[in-house]
Structure formats: C-alpha cells, structure tokens
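Spelled out from the first residue to the last, the chains are:
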Amino acid sequence: MDRFLSNAVNRIDAKGRVSVPAHFRTVLQKRGYSELYALRCLDQAAMDVGGLDLLDRYEQRIAQEDPFLQTADDMSFFYHGDGTFLKLDQDGRVTLTDFIREHTGITTEVAFVGRGSFFQIWEPARLAAYGAAARARLLHLRQGTKPGERPE
C-alpha cells in the first residue's frame, strides 16, 4: 500500500511526542521520507503532512501564477511561511510544536486521517465534527438536495 488511508487517534506523551500510526509509517518508509513537511490547512484547524513532494506540488502551483501579482506572493507566504518540518524519531514519533498545537487546538491526543498522497493531523473532536459535516454534504449531493432540504 502506498497511500495514506484510514484514521487513528494516538496519545501525546509527556515529552510532547506522538506516534505516527504504523500503517502511515509503512507508507512513509516505502516513499523514502525521512523528514515530513506540515502545512496549516487554509480552511480548517488541521495540518496537511507529507514528504517534500507535497511541498513540490504547492511550489508547482505557485509557478503557474504571474510572479508580479499578489496571488503568487500570497501563495509563497502561505506555503513557505505557514509550514514546518517534522522529524520522525527512531520509534516513529514526531514532536508536536507550539506552532502545530496553536493552529489545531491539539492538547492530549492527535487524530491522524489519511488523504491519499498525504495525511492530516487534527484535534480528535474537531475531526469528528468535520467528518460528520462532510458526510452530510455528500449525502445531500447524492440526494440532489441542499442542506436542510428533505429528499423528494
């Protein structure tokens, strides 16, 4: 398996470290990632986490913009300034910095959720609420209704 799938919740230890789920570590190892790039989600209190290919993908998007327009500058500020590197220790743990904790609201536990080519880290209750809302949006889409409407 070479995709980040499923989800897990792990407890933060006394030193501020959390174990990355074993099935995510397997993907990291297969992809040869020794260092992780974590970027604040723009619209959620979560972090997108992946290898340098995640950063490469964002930089390719910046390259499509006119370098003299504000959009390219804003994107660079966001992709390069709102990110951080995480190092996996020999036991497969990462340290959660204040930067990550402040953005996500994480305190004692971390929810990991696979997103295919990358994964996210969330505060568990926030992930549960987001998941419920996402499922509701998809159900309305499937039923051809708007939120609050009942199917015919």
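Residues numbered from 1 in each chain as written. Predicted model: local features only at pLDDT ≥ 70, side-chain atom pairs only at ≥ 80, totals over all residues. Heavy atoms only, no water.

Peer 1: For this particular structure, what's the right way to read the environment of R3?
Peer 2: Here R3 is to be found in the segment before β1 (7-11). Each C-alpha atom of the pair R3 and A38 lies 17 Å from the other, and the pair is 35 residues apart in sequence. Dropping the residues within four chain positions of it, R3 is found in contact with V27, R31 and G116. (Helix = DSSP H or I, 4+ residues; strand = E, 2+ residues; numbered from the N terminus. Contact = heavy atoms within 4.5 Å.)

Peer 1: Would you explain the packing of aromatic side chains in this entry?
Peer 2: In total, this model carries nine aromatic pairs according to the counting rule given. With 5.5 Å between their ring centres and 55 degrees between their planes, F78 and Y79 make a pair best called tilted. Residues F78 and Y79 agree in their burial class; the two are buried. Here the aromatic rings of W122 and Y130 are separated by 5.1 Å at their centres, their planes lie at 35 degrees, and the arrangement is tilted. Members of the aromatic cluster, joined through ring pairs, are F4, F24, F112 and F119. (Phe/Tyr/Trp six-rings, centres within 6.5 Å; stacked < 30°, edge-to-face > 60°. Buried < 20%, exposed > 50% of the residue type's maximum accessible area, 1.4 Å probe, protein only.)

Peer 1: Help me understand the pairing of strand β7 (residues 109-114), please; the structure alone is not making it clear to me.
Peer 2: Consecutive side chains of a regular strand alternate in pointing toward one face of the sheet and then the other. With five of six residues buried, β7 lies mostly within the body of the structure. Where β1 and β7 come together, five bridges link them in antiparallel fashion. Counterpart to N10 in the pairing with β7 is V110. Sheet topology places β7 next to strand β8 (residues 119-122); four bridges connect them, and they run antiparallel. When the sheet's bridge partners are listed, G114 is paired in β8 with F119. (Pairing = 2+ DSSP bridges.)

Peer 1: Is there a simple way to explain the pairing of strand β3 (residues 35-40) in this structure?
Peer 2: As paired strands, β3 and strand β5 (residues 83-87) are joined by five bridges and run antiparallel to one another. Note that in β5 the partner of L39 across the bridge is G83. With four bridges joining them, β3 and strand β4 (residues 46-50) adopt antiparallel strand pairing. In the strand pairing of β4, Y37 is matched with G50. Linking β3 to β4, which pair antiparallel, is a turn of five residues.

Peer 1: What's the story with the side chain of H140 in this structure? I'm lost.
Peer 2: Within the secondary structure, H140 sits in helix α5 (residues 124-143). Look at H140 and you get buried, because its relative accessible area is 16%. With near-sequence residues (within four places) excluded, H140 lies in contact with T145, K146, P147, G148 and E149.

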